[in-house]
Amino acid sequence: MTDLPLLQIHARPGVGMLSGTRSFPEAAREALADPQLRRNLGHATATIRGKRAKVVAELTDWEQLRDSGRAIKVATMVELDTHLERLEERVTAAGGVVHWAADADEANAIVTRLVQATGHREVVKVKSMVTQEIGLNEALLAAGIEAYETDLAELIVQLGDDLPSHILVPAIHRNRAEIRRLFLRTIPDVDPALTDDPRALAATARRHLRGRFLSAKVAVSGANFAVAETGTLCVVESEGNGRMCLTLPETLITVMGIEKVIPSWRDLEVFLQLLPRSSTGERMNPYTSLWTGVYPGDGPQEFHLVLLDNGRTSVLADEAGRDALNCIRCSACLNVCPVYERTGGHAYGSVYPGPIGAILSPQLTGIEDNASLPYASTLCGACYDVCPVKIDIPSILVHLRAEHVETNRRTHRVPTPEAVAMAAAAWTMRDAGRWRRAQQSSRLGRLLGGRGDKRQGLIRSLPGPLRAWTGARDAPRPPAETFREWWARERGAP
Ligand code: SF4
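Residues numbered from 1 in each chain as written. Predicted model: local features only at pLDDT ≥ 70, side-chain atom pairs only at ≥ 80, totals over all residues. Heavy atoms only, no water.

Caption draft 1: Inspection of the overall build of the protein chain at higher detail. What the protein chain contains, in helices and strands, is 23 helices and twelve strands. On C-alpha atoms alone, the protein chain measures out to a radius of gyration of 26 Å, which is about the 23 Å that the 2.2 N^0.38 rule sets for 494 residues. Taking the principal axes of the C-alpha coordinates as reference, the protein chain spans close to 90 × 55 × 50 Å. Scored against the burial criterion, the 494 residues of the protein chain give a buried share of 49%. The contacts of the protein chain with a sequence gap of at least 6 include a subset with a gap of at least 24, amounting to 74%. Surface summary for the protein chain: the accessible area is close to 23700 Å², and the carbon and sulfur share equals 54%. Mean positive and mean negative side-chain charge positions of the protein chain (59 and 58 charges, respectively) differ by 10 Å. (Helix = DSSP H or I, 4+ residues; strand = E, 2+ residues; numbered from the N terminus. Rg over C-alpha atoms; globule rule 2.2 N^0.38 Å. Buried < 20%, exposed > 50% of the residue type's maximum accessible area, 1.4 Å probe, protein only. Contact = heavy atoms within 4.5 Å. Areas by Shrake-Rupley, 256 points an atom, 1.4 Å probe, with all protein chains shown as cover. Lys, Arg positive; Asp, Glu negative; His and termini not counted. Charge placed at Lys NZ, Arg CZ, Asp CG, Glu CD.)

Shown next, in the form of structure tokens:
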């Protein structure tokens, strides 16, 4: 049994890779100035969007599947503690060992200790968001243990000493020519005549990784799902590197966020239809690996499951924001987001980019550590339309913006200019006379129209501190008469 009082601890997360050092607008400005990055992103997201739309259109019951996925996730979260304890019991009964980690530091310490106990100094890794979230590779390196990424895109990121910029395609910001140059520079004994043909690049990576697979004694993975009723873990992937890591080494350590548990195999059936169509645009994943504890003489003979909180119970405690935990990390919301498509993932400063990152990271760290992310959206709703588990991302963004405003109000003794402006607007709108006088005086703003485009009725540049507003958008020129004046002229006084 666990000694962690689940759902009551409200653990604060370890730093890991959840908070960037710059705000979203600062980082986005830099990304927007890079035309090559925008070309790479535009091409890749458009391709994945097209594939997804095609395979989703094949299913007549797609909307019912989405409803089922959402219903399973919502019901699971209500009894998350029960499902987790059942999972622990079944994994233990099948020969695995379950560990509970309240935050990133604790999870890293557990994994480091487990690897050290094997006596080996190298691990191979299956692509895993959660180990990036906690900064596991860096923690292992600090303990003298090398972690080798085996997913092709993760390998590209690791070789380039880079950061992932997409949930599914971590190296989406790199094109083939850049990858070819990287391989020539970092992989030993690469044929100097290597071209940027995708097959040649993949073959080079395969040769490089083959030796690692065959010699590795310890593997670290994440998990897409964990079935509580049998204690079965599931990883889906496209390259077969995951299957190698999950079967060849002697010891397997899986780190999993506590929200990944699902009650039964029948539930898994729903997600194995939703996930591949929403992520890679495939009918099913090329590799779906499932394992339950250990099996004598077959696969790893030692299995550890690390169940990670790292802020998740705090998210669960917020009724308006907890749906973010339902995410199955398909990345469909990234590929349709007009903001992500232009800025890429690095601008979000967190391992979780795009619309899901904008609602998940601020909740995991606390709004003060990622305050700019809920504003990194136009609220167009495209993310909600494609999400396979119907997470209402726009509503959660608005909820987090309100939380940020409220936090600012409580913590700043001197109100911000925005707070003063909003208070003045509220005071004016509360009284019909005040509102009428304000509308009439706003006509003065027509004079400012002279600074802009009169034909289009726009003010391109406001003076003084108001310039910050028009620095990124146009302001409409106030009309010559108000609606009430027009009504009185046309229809007579009300
Ligand atoms: S929020 Fe929805 S669309 Fe976005 S990654 Fe998660 S499951 Fe996919």
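Now that the structure has been shown, the text picks up again.
Caption draft 2: Broad picture of the pattern of salt bridges. What the rule picks out here adds up to 20 salt bridges. The salt bridge partner of Arg49 is Glu341, with a shortest N-O separation of 3.2 Å. With Arg49 in helix H2 (residues 35-57) and Glu341 in helix H15 (residues 338-343), this residue pair connects regions lying 292 residues apart in the sequence. Assessed through its relative accessible area of 28%, Arg49 is described here as partly exposed. Exposure remark for Glu341: the relative accessible area of 18% places this residue in the buried category. Through salt bridges with shared partners, a single ionic network connects Glu63, Arg66, Asp67 and Lys390. (Salt bridge = Lys/Arg side-chain N within 4 Å of Asp/Glu carboxyl O.)

Caption draft 3: Representation of the packing of aromatic side chains in the model. Under the counting rule described, the total for this entry stands at seven aromatic pairs. Ring geometry for Phe225 against Phe271: centres 5.4 Å apart, planes inclined by 25°, an arrangement best described as stacked. Residue Phe225 is found in strand S5 (residues 225-227), and its partner Phe271 is found in helix H12 (residues 265-279); the two are separated by 46 residues along the sequence. For the pair Phe225 and Phe271, a shared accessibility class is recorded, and that class is buried. Measuring from centroid to centroid gives 6.0 Å for Trp291 and Phe303, while their planes differ by 85°, and the two rings are edge-to-face. (Phe/Tyr/Trp six-rings, centres within 6.5 Å; stacked < 30°, edge-to-face > 60°.)

Caption draft 4: Up close: the sheet that holds strand S7 (residues 251-257). In space, the six strands of this open sheet follow the order S1-S10-S7-S4-S2-S3, with parallel pairing throughout. Each edge of the open sheet carries a strand with a single partner, namely strand S1 (97-101) and strand S3 (146-149). Strand-to-strand twist of the sheet, defined as the mean angle between neighbouring strand axes without regard to direction, takes the value 25°. Relative to S3, strand S2 (residues 122-125) runs parallel, the two being bridged by four bridges. (Pairing = 2+ DSSP bridges. Axes fitted to C-alpha atoms, helices over the stretch in contact; angles between N-to-C directions.)

Caption draft 5: Here's a closer look at the domain arrangement of the protein chain. Per the domain assignment, the segments making up the protein chain are domain 1 (24-313) and domain 2 (433-491). A separation of 52 Å is found between the C-alpha centroids of domain 1 and domain 2. (Domains from an automatic or database assignment.)

Caption draft 6: Quick peek at the nonpolar core. The biggest cluster of nonpolar side chains holds 101 residues, and the ones touching the most others in it are Leu87, Leu233, Met256, Leu305, Leu307 and Ile359. The residues touching Leu233, leaving out its near neighbours within four places in the chain, are Val91, Ala223, Phe225, Ala226, Thr254, Met256, Ser289, Leu290, Trp291, Phe303 and Leu305. (Core = buried A, V, L, I, M, F, W, Y, C linked by side-chain atoms within 4.5 Å.)

Caption draft 7: Spotlight on the confidence of the model for the protein chain. Of the residues in the protein chain, 94% have a pLDDT of 70 or more, and the chain-wide mean is 90. Here residues 1-13 is modelled with pLDDT under 50, and outside its nearest four sequence neighbours on either side it reaches 39 contacts, counting other chains as well. (pLDDT = per-residue confidence, 0-100.)

Caption draft 8: Local environment of the sheet that holds strand S8 (residues 261-262). Strand order across the open sheet formed by four strands is S8-S5-S6-S9, with mixed pairing between neighbours. Looking at the sheet topology across the chains shown, the edges are occupied by S8 and strand S9 (287-292). Alignment of S5 against strand S6 (residues 232-237), held across three bridges, turns out to be antiparallel. Opposite Phe225, over in S6, you have Cys234 as the bridge partner. Running at roughly 160° to S5, H12 makes contact with S5, S6, S8 and S9 of the sheet.

Caption draft 9: Examining the environment of Ala200 more closely. Here Ala200 lies in helix H10 (residues 198-215). Classification of Ala200 by relative accessible area gives partly exposed; the value is 23%.

Caption draft 10: Representation of the pairing of S2 in the model. Both S2 and strand S4 (residues 218-221) contribute to a ladder of two bridges, which runs parallel. Bridge pairing in S4 places Val124 opposite Ala219.

Caption draft 11: Region of the structure containing the site of the ligand. Taken together, the residues surrounding the ligand are Cys327, Ile328, Arg329, Cys330, Ser331, Cys333, Ile356, Cys387, Pro388, Val389, Ile391 and Ile393. Counted by class, the shell around the ligand contains ten nonpolar, one polar and one charged residues. (Near = heavy atom within 4 Å. Nonpolar A, V, L, I, M, F, W, Y, C, P; charged D, E, K, R; others polar.)

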